[in-house]
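In case you want the letters, here they are:
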Amino acid sequence: MSGGRQHLNLANRAARNRRPPTGTVAGARESFHSAEPVDTAAVRNSISASWVRCKEWQVSVDPFELPYEPNLDRESQLAYSAGPVLTEAHAGFANEPITIILTDAAGIVLDRRASDAALRRKLDQVSLAPGFSYAEQFAGTNGIGTALESRGPAQVFGHEHYVEHLEELACAGAPIRHPVTGKLLGVVDLTCWRIDADPTLLVTATSLARRIEEAILEDVGRREFALLRQYLAATRQGLVPAMAISSDLVMMNDRARELIDPQDQIALLGQATETLADGKARVFTTVLPSGATAEVHCQPSDGGPGSVGGVIQVQLVAARLAPAAAESRGSKQVHQLPGIVGASMQWLKCCADVEEHFTSDEWLDLTGEPGVGKFAVARATHLAHTPGEHLRVLDADDCQDAKGWLLDVASELAGESGTLILRHVDRLPPAVVASLSELLEAARASESARPWVVATRWSGETSEELNRLVWCFGSSVEVPPLRHHLEDIPEVIDLFLARHTKTSNLTFSPDAMRVLMRNRWRGNVEQLLGTLRKIVAHRRTGVIGVADLPAECLATTRRVLSPLESIECDAIVESLITANGDRARAARHLGMSRATIYRKIRDYGIAVPRQSTH
């Protein structure tokens, strides 16, 4: 037995080393990978189109590596409704070498039902398993990814697969759409050995997709009816603004439309959706973009297992409401503080909180990571409300003479108006922090007029002296890190370009903007601005592409790299840029194997520049 297997393995290896004959799919694929003329008669049009897409995506033929998502949404509407259908179908295939696979709309495998042990081992070898993505840009031509790209049923046999190691398999995938909205939810795929492929494979996959859609319709109908009943009960009196939320539905009563600004409605829906996600009744208070304060009562849907969303009721407190108070509100609507931009909920809430402290003349402890814009927010608030008043900034980094620095603080506290910003107080020596606390406590105890005082610090630092200093301020506001409001990056870039370029001819390509918005920006806004300074230093006009970005931008890993890893990451990025995105050339230049550079590109999260066709 072992001798026969060895002979078979040698024969298979020899067969792989021989060039496939012309007129076959294998020969056509070999020609395509070698950039030689392809016998189009040997390849179906749908497969040929997929190969072209894979080449544009620079999909690796070998080695075969796929992104992995460890946190699967196994309680999604799709997974919940498809479960019983897959169980029944799997029972029908109990004696067949066929595997049933369910993926989401990104091609990530959510569920796999396999009875044949040999086939299951093969699928494990090629990572066709829960958590791995078989989207076309990662796995090449296959029943899952090609169905997602074509938005229709797709079957792929043997050498029609773009990558190696899949030639022994055949697969047929059918897209699953939401029966009400038509939104693409995922794919159900049937995979078997190539020699066992049957022409009815695609018909069966399509039938399974329809059955899953019917199950979703039944489940959604039941849950949305329960949500409607719950919503009608909450709005029966019509006195309180109320909304109903599900994954595909939003309902709002007339009271909510009349009293809540459109921007506030969006903010409420976003916060309530997150709050309802854990399935528990909650009450929270929030400051809305318009400045209104809302007490929000969240009641999750009682539609049974798999239900999402629920009903929220809103009590507006000290609200500047629309439309009745629109005239009195005037400039108090959502607006930008001078010199800073951002429209995300977290950023607007932070700015609104700072403004509220200013208007109530309450001293403020402004915290946040380095580079988030604490000083910018404090300064902008002063300029927005009292641009003609005195503004003094005392930075702990300039405290070379502690006595002189403290005298400056005492002098400013003696003033009757204006703003005093104390930057980086967490960097002061403990003795200076203690003396500063005494000055601030004395000023607060005085009944005479005094300036508005803001202290900025990194929330990660703490000490007994610093804790005493914090107590000198009425409350604290945290400025969010940039990674928590990445949607504001385009506005920050536009503002920077307007300030630092004389013309408006410099723009970012969509690919370059996507890279910037995928970055974690551990240095926050300051790191982003530093990156933009590097870019405009060598390009003043035209379109900024991925290759124009500094090396550190092209690595989007979520972990902190060691100094050695950072050097290696930068070297790989530079080599990829020099090689015009050609991984093989970059690997040769660095003296590493193709498998190693592919692994490191994935580990470091490097965005590879697209190869130029020129």
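Residues numbered from 1 in each chain as written. Predicted model: local features only at pLDDT ≥ 70, side-chain atom pairs only at ≥ 80, totals over all residues. Heavy atoms only, no water.

Peer 1: How would you sum up the overall build of the protein chain? Please name residues and give values.
Peer 2: Within the protein chain one finds 22 helices and 17 strands. Taking all 614 residues of the protein chain together, the buried fraction comes to 46%. Taking all contacts inside the protein chain whose residues are at least 6 apart in sequence as the whole, residues at least 24 apart take part in 66%. Counting only carbon and sulfur atoms, one obtains 52% of the accessible surface of the protein chain, whose full area is about 30,300 Å². (Helix = DSSP H or I, 4+ residues; strand = E, 2+ residues; numbered from the N terminus. Buried < 20%, exposed > 50% of the residue type's maximum accessible area, 1.4 Å probe, protein only. Contact = heavy atoms within 4.5 Å. Areas by Shrake-Rupley, 256 points an atom, 1.4 Å probe, with all protein chains shown as cover.)

Peer 1: Give a description of the nonpolar core that names residues and reports values.
Peer 2: Counting residues in hydrophobic clusters, the biggest one holds 41 residues, and the most contacted among them are Trp-405, Leu-422, Leu-428, Leu-436 and Leu-440. At the level of secondary structure, the elements contributing two or more residues to this core comprise helix H12 (345-359), strand E11 (364-367), helix H13 (374-385), helix H14 (402-413), strand E13 (419-423), helix H15 (430-445), strand E14 (452-457) and helix H16 (464-470). Beyond its immediate chain neighbours, meaning those up to four positions away, Leu-428 contacts Ala-396, Cys-399, Trp-405, Val-433 and Leu-436. (Core = buried A, V, L, I, M, F, W, Y, C linked by side-chain atoms within 4.5 Å.)

Peer 1: Describe unusual backbone geometry, and please don't skip the residues or the numbers.
Peer 2: Here His-165, not a glycine, exhibits a phi torsion of approximately 75 degrees, which is positive. The backbone phi angle of Asn-524 is positive, close to 60 degrees, even though this residue is not glycine. Considering the arrangement of structural elements, one finds Asn-524 in helix H19 (residues 524-538).

Peer 1: Give a detailed account of H12, specifying residues and quantitative values.
Peer 2: Residues that lie three or four places apart on an α-helix share one face, since the helix turns once every 3.6 residues. Here H12 spans 21 Å end to end across 15 residues, near enough to the 21 Å set by a 1.5 Å rise per residue. For H12, the set of buried residues is Trp-347, Leu-348, Cys-350, Cys-351, Ala-352, Asp-353, Val-354, Glu-355, His-357 and Phe-358. Of the surrounding elements, those touching the buried residues of H12 are strand E8 (282-287), E11, H13, E13, E14 and strand E15 (475-478). (Expected span 1.5 Å × (residues − 1).)

Peer 1: Please set out the sheet that holds strand E5 (residues 184-193) residue by residue, giving values where relevant.
Peer 2: Within a sheet, each strand pairs with its neighbour through backbone hydrogen bonds, oriented either parallel or antiparallel. Pairing in this open sheet of 5 strands is antiparallel, and the strands run E2-E1-E5-E4-E3 from one edge to the other. The open sheet terminates on both sides in strands that have one partner only, identified here as strand E2 (109-114) and strand E3 (154-157). The mean angle between the axes of side-by-side strands here comes to 15 degrees, regardless of whether they run parallel or antiparallel. Sheet analysis places strand E1 (residues 98-104) next to E5, joined by 7 bridges and oriented antiparallel. Opposite Ile-101, over in E5, you have Asp-189 as the bridge partner. Taken strand by strand, helix H4 (residues 77-92) contacts E1, E2, strand E4 (169-177) and E5, and its axis lies near 175 degrees from that of E1. Seen against the sheet, helix H8 (residues 201-234) touches E1, E3, E4 and E5 and runs at an angle of roughly 30 degrees to E4. (Pairing = 2+ DSSP bridges. Axes fitted to C-alpha atoms, helices over the stretch in contact; angles between N-to-C directions.)

Peer 1: Go over the environment of His-589, please, and point to the residues and values.
Peer 2: You can see His-589 is positioned in helix H21 (residues 583-590). Look at His-589 and you get exposed, because its relative accessible area is 62%. Note: C-alpha distance between His-589 and Thr-578 (11 residues apart in sequence) is 9.7 Å.

Peer 1: Go over the sheet that holds E14 with me, naming the residues and quoting the values.
Peer 2: With parallel pairing, 5 strands are arranged side by side in an open sheet as E12-E13-E14-E11-E15. Bordering the open sheet on either side are strand E12 (391-395) and E15, each of which pairs with just one other strand. Put simply, the sheet's adjacent strands are angled 20 degrees from each other on average, direction ignored.

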